[in-house]
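Given next are the chains, with one letter for each unit.
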Amino acid sequence: MSKFLGYILTPFFYFFFTLSLLIFHPLQWVSFRLFGYRAHKVVVDYLNFCLTYCQIFLGSSTTFINKQDLPQGRPIIFIANHQSMYDIPALIWFLRKYHVKFISKIELTKGIPSISYNLKHGGGANINRKDSKQAVSEIIKLGRRMKSNNWSTMIFAEGTRAKDGQLKPFQVGGIATLLKAVPDALIVPVAIENSWKIVQYGPFPLCAGLKLRWTVLSPVITDGLNPEEITLKAEKSIRISLNQVKD
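In this text, all values refer to a predicted model and were calculated from it rather than measured experimentally.

Caption draft 1: Representation of the overall build of the protein chain within the structure. Looking only at helices and strands, the protein chain has eight helices and seven strands in total. For 247 residues, the compact-globule formula gives about 18 Å, and the C-alpha radius of gyration of the protein chain, at 18 Å, lands near that figure. Counting only C-alpha atoms and orienting by the principal axes, one finds that the protein chain spans roughly 55 × 55 × 40 Å. Counting every position in the protein chain, which comprises 247 residues, the buried fraction comes to 48%.

This is the structure we're talking about:
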C-alpha cells in the first residue's frame, strides 16, 4: 500500500521539495551578502522547516523527541546513524538553536540549489574523500569554529547510509579529529528511525505513510575515555534506542 500511494504522491513531494530549494536559494544569497551569517542562518533554518514538512505530501509523520537539557553555550558533537538524505532537514530545523554544522562531500558544494550555497557559506566542513590531508585539515578548522562560536557538529559515524536501516559499526576518525580541536565538546547521540524506508524502492516511487522519528539521547559520559571508547558508547546508546543491540 505504501508503495502504491508512493506512485501517486511522489510527484507532489518532489514538486514542493524542489520549489523550496529554488525559492530559498536567492533568499540565502541576499541574506548572506547583505546581512551576514546570522541572517543567512535564519533563512537556512526555515528552508529546512519546509524541506522537513514536505513529508506531509507523502502522508508521512515527523516526530522529533528531545528531552535533554542541552547547554547552548558549549560546543556539542551530535553523533547519529544515517539512513537517507532526508535525515538532515529535521536535524537542522529542530536543533537550530545549537548551530549544527555538517561534514559533507566537497562534490555537493556545486550544482544543487540552496544546498550547495549553504554548504559553501554555512560554516561546515567540505571534504575531499580522496585527499585525507585536506579532509583532516577541514575537520580541524570546523572544530576551531565550533570552539570560537560555540557551534555544534553532526557526525554520521557509520560513514555511509544504512540502506536497510541496520546500524553499521561506527567509525572513530571524524570524532577523534574533532575532539583534538574541541576536547571539551559534549557528546550527544541521536537515533534516526524509518528514514531509510522513504527510498527503499529508489528515487521513485518514494514510500508513503511512514512514521519518521528522531530521538536525542542522553549525553555520553566521557570522563577518562579515549575517542574509540566514546564512539562505542554513542553507538551502543543508539543501538539500544533502535532495538538493534548485538548479541
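Caption draft 2: Examining the packing of aromatic side chains more closely. Tallying each qualifying case throughout the model produces 16 aromatic pairs. When the ring centre of Tyr201 is taken as reference, the NZ or CZ atom of Lys3 above it lies at 4.6 Å.

Caption draft 3: Quick peek at the pairing of strand E2 (residues 76–80). With five of five residues buried, E2 lies mostly within the body of the structure. Of the two faces of E2, the one holding Ile76, Phe78 and Ala80 and the one holding Ile77 and Ile79 are both buried throughout. In this structure, E2 lies alongside strand E5 (residues 152–156), joined through five bridges in parallel fashion. Each bridged residue has a counterpart across the sheet, and for Ala80 the counterpart in E5 is Phe156.

Caption draft 4: Up close: the packing of helix H1 (residues 2–35) against helix H2 (residues 37–53). Where H1 meets H2, the closest approach of the two axes is 8 Å, and the angle between their N-to-C directions is 170 degrees. Taken together, H1 and H2 sit at an angle that is classed as roughly antiparallel. Residue-level inspection shows Phe17, Ser20, Leu21, Phe24, Leu27, Gln28, Ser31, Phe32 and Phe35 of H1 in contact with H2, the latter providing Tyr37, Ala39, His40, Val43, Val44, Tyr46, Leu47, Cys50 and Leu51. Considered class by class, the residues forming the contact of H1 with H2 number 14 nonpolar, four polar and no charged.

Caption draft 5: Representation of unusual backbone geometry within the structure. In this structure, the amide linkage connecting Phe204 to the following residue, Pro205, adopts the cis form with an omega of -5 degrees. Its location among the elements puts Pro205 in the loop between helix H7 (195–198) and strand E7 (211–216). The backbone of Ser114 shows a phi angle near 70 degrees, a positive value even though the residue is not glycine. Structurally, Ser114 is set in the loop between strand E3 (100–105) and helix H4 (115–121). Although it is not a glycine, Asn243 sits at a positive phi angle of roughly 60 degrees. Looking at the element boundaries, Asn243 is found in the segment after helix H8 (227–242). The exposure class assigned to Asn243 is exposed, which follows from its relative accessible area of 70%.

Caption draft 6: Here's a closer look at the nonpolar core. One finds Leu70, Phe78, Leu91, Leu95 and Met154 to be the most contacted residues of the largest nonpolar core, which totals 36 residues. Apart from residues no more than four positions distant in its own chain, Met154 is found in contact with Phe78, Ala80, Leu91, Leu95, Val100, Lys101, Phe102, Ile103 and Val190. The next biggest cluster of nonpolar side chains, apart from the first, holds 26 residues, and it includes Ile77, Ala125, Ile155 and Val182.

Caption draft 7: Spotlight on the sheet that holds strand E6 (residues 186–193). Judged by pairing direction, the sheet is mixed, and its seven strands sit side by side in the order E1-E7-E6-E2-E5-E3-E4 without closing on themselves. Each of the sheet's edge strands pairs with one partner strand only, and the pair in question is strand E1 (61–66) and strand E4 (125–127). The average undirected angle you get between the axes of adjacent strands in this sheet is 20 degrees. Here E3 runs beside E5; their pairing, made up of three bridges, is parallel. Each residue of the ladder has a partner; that of Lys101, found in E5, is Thr153. Here helix H6 (residues 173–181) sits on the sheet and contacts E2, E5 and E6; the angle it forms with E5, its principal contact strand, is near 160 degrees. Lying over the sheet, H8 contacts E2 and E6, oriented at roughly 30 degrees with respect to E6.

Caption draft 8: Geometry of a nonpolar patch on the surface. Taken together, the side chains of Met1, Phe4, Tyr7, Ile8, Phe12 and Phe204 define a hydrophobic patch exposed on the protein surface, amounting to about 710 Å² of accessible area. As for its placement among the helices and strands, Phe12 is situated in helix H1. Using a relative accessible area of 48% as the deciding quantity, one classes Phe12 as partly exposed.

Caption draft 9: Layout of the pattern of salt bridges. Inspection of every chain in the model, using the stated rule, returns four salt bridges. With a closest N to O distance of 3.5 Å, Glu138 and Lys141 form a salt bridge. Of the two residues, Glu138 and Lys141 are both situated in helix H5 (residues 132–149); the distance of three residues between them amounts to about one turn of the helix. Classification of Glu138 by relative accessible area gives buried; the value is 19%. Residue Arg213 is joined to Glu193 by a salt bridge in which the shortest nitrogen-to-oxygen separation is 3.9 Å. Placement of Arg213 in strand E7 and of Glu193 in strand E6 is noted, with a sequence separation of 20 residues between them.

Scoring rules and cut-offs
Residues numbered from 1 in each chain as written. Predicted model: local features only at pLDDT ≥ 70, side-chain atom pairs only at ≥ 80, totals over all residues. Heavy atoms only, no water. Helix = DSSP H or I, 4+ residues; strand = E, 2+ residues; numbered from the N terminus. Rg over C-alpha atoms; globule rule 2.2 N^0.38 Å. Buried < 20%, exposed > 50% of the residue type's maximum accessible area, 1.4 Å probe, protein only. Phe/Tyr/Trp six-rings, centres within 6.5 Å; stacked < 30°, edge-to-face > 60°. Lys NZ or Arg CZ within 6 Å of the ring centre and 35° of its normal. Pairing = 2+ DSSP bridges. Axes fitted to C-alpha atoms, helices over the stretch in contact; angles between N-to-C directions. Parallel < 35°, antiparallel > 145°, perpendicular 65-115°, else oblique. Contact = heavy atoms within 4.5 Å. Nonpolar A, V, L, I, M, F, W, Y, C, P; charged D, E, K, R; others polar. Core = buried A, V, L, I, M, F, W, Y, C linked by side-chain atoms within 4.5 Å. Patch = residues over 30% accessible without salt bridge, like charges linked within 9 Å, V, L, I, M, F, W, Y side chains within 5 Å. Areas by Shrake-Rupley, 256 points an atom, 1.4 Å probe, with all protein chains shown as cover. Salt bridge = Lys/Arg side-chain N within 4 Å of Asp/Glu carboxyl O.

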